[in-house]
Amino acid sequence: MININRFWIPIQACKRAMAAHNAAFMNAEEQTKDDGSPVTPTDREAERILRATILKACPKDGFVGEEGGAAPGTSGRTWFADPLDGTIQFVAGMEDFGV
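Because the structure is predicted, anything quoted here is derived from the model rather than measured.

## What about the environment of G76?
Alright, step 1. Secondary-structure assignment places G76 in the loop between β4 (69–71) and β5 (78–81).
Alright, step 2. The class of G76 is exposed, set by a relative accessible area of 80%.
Alright, step 3. The spatial distance from the C-alpha of G76 to the C-alpha of K15 is 25 Å, given a sequence separation of 61 residues.

Structure below.
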């Protein structure tokens with residue numbers, strides 16, 4: 001049986017992560033990751049929020065984030081997160097980015 005409440009977890013997590021994006025929009029400090037791709041403190045904070053929100057609700061689940069790596073779980077379910085898709089656009093003040 002499907003637990004419908006589980007479907008609300010990523011929505012809640014994204015709403016919280018978007019608050020971090022909104023606070024930093026137009027003031028993002030771009031940095032460069034080891035692979036040469038851009039990252040901002042907002043990327044990292046958004047992933048921290050996503051990870052914390054999801055794992056609080058589903059502590060046995062795994063989590064893989066683009067910025068913070070993997071945390072294995074025991075439930076057989078793993079969440080994958082790209083906390084800010086479109087970092088270049090975000091830093092440039094363009095509105096075509098997403099959580």
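## Some remarks on the nonpolar core
Alright, step 1. If you look at the biggest cluster of nonpolar residues, it comprises ten residues: I9, A13, A17, A46, L50, I54, C58, F63, W79 and A81.
Alright, step 2. Within the residue set of this core, elements represented by two or more residues are α1 (8–24), α2 (41–57) and β5.
Alright, step 3. Not counting residues up to four positions away in its chain, the partners in contact with L50 are A13, C14, A17, F63, A81, P83 and V99.
Alright, step 4. Ranked by size, the runner-up nonpolar core spans five residues in total, among them A24, A28, L84 and F97.

## With respect to the side chain of R51
Alright, step 1. Within the element layout of this structure, R51 appears in helix α2.
Alright, step 2. From its side chain, R51 meets the backbone oxygen of G69 in a polar contact 3.0 Å long.

## Focus on the pattern of salt bridges
Alright, step 1. The tally for this structure, following the rule as stated, stands at five salt bridges.
Alright, step 2. Among the ionic pairs, E67 bridges to K33, the shortest N-O distance being 3.3 Å. Here the residue E67 occupies a position in the loop between β3 (62–65) and β4, and K33 occupies one in the loop between β1 (31–32) and β2 (38–39), the gap between them amounting to 34 residues.
Alright, step 3. Assessed through its relative accessible area of 17%, K33 is described here as buried.
Alright, step 4. Several salt bridges share partner residues, and in doing so they unite K33, E66 and E67 into one network.

Quick notes on the rules
- Numbering of residues begins from 1 in every chain and follows the order in which that chain's sequence is written.
- Whole-chain, interface and lining totals are the exception, using all residues; otherwise, since this is a predicted model, local features are given only for residues with pLDDT of at least 70 and side-chain atom pairs are given and counted only at 80 or more.
- The side-chain quantities take in all heavy atoms of the structure and omit both hydrogens and water.
- Secondary structure elements follow DSSP: runs of H or I no shorter than four residues count as helices, runs of E no shorter than two count as strands, and numbering proceeds from the N terminus.
- Buried, partly exposed and exposed residues are distinguished by accessible area as a fraction of the type maximum, computed with a 1.4 Å probe on protein chains only: under 20%, between the cut-offs, and over 50%, respectively.
- Throughout this description, the term nonpolar core refers to a set of buried Ala, Val, Leu, Ile, Met, Phe, Trp, Tyr and Cys residues connected via side-chain atoms within 4.5 Å.
- We call two residues contacting when some pair of their heavy atoms lies within 4.5 Å.
- In protein, a polar contact means a hydrogen-donor-capable atom and an acceptor-capable atom, both N or O and within 3.5 Å, with residues adjacent in sequence counting only if both atoms are side-chain atoms; elsewhere, any N or O pair within 3.5 Å suffices.
- Definition used for salt bridges: Asp or Glu carboxyl oxygen within 4 Å of a side-chain nitrogen of Lys or Arg.

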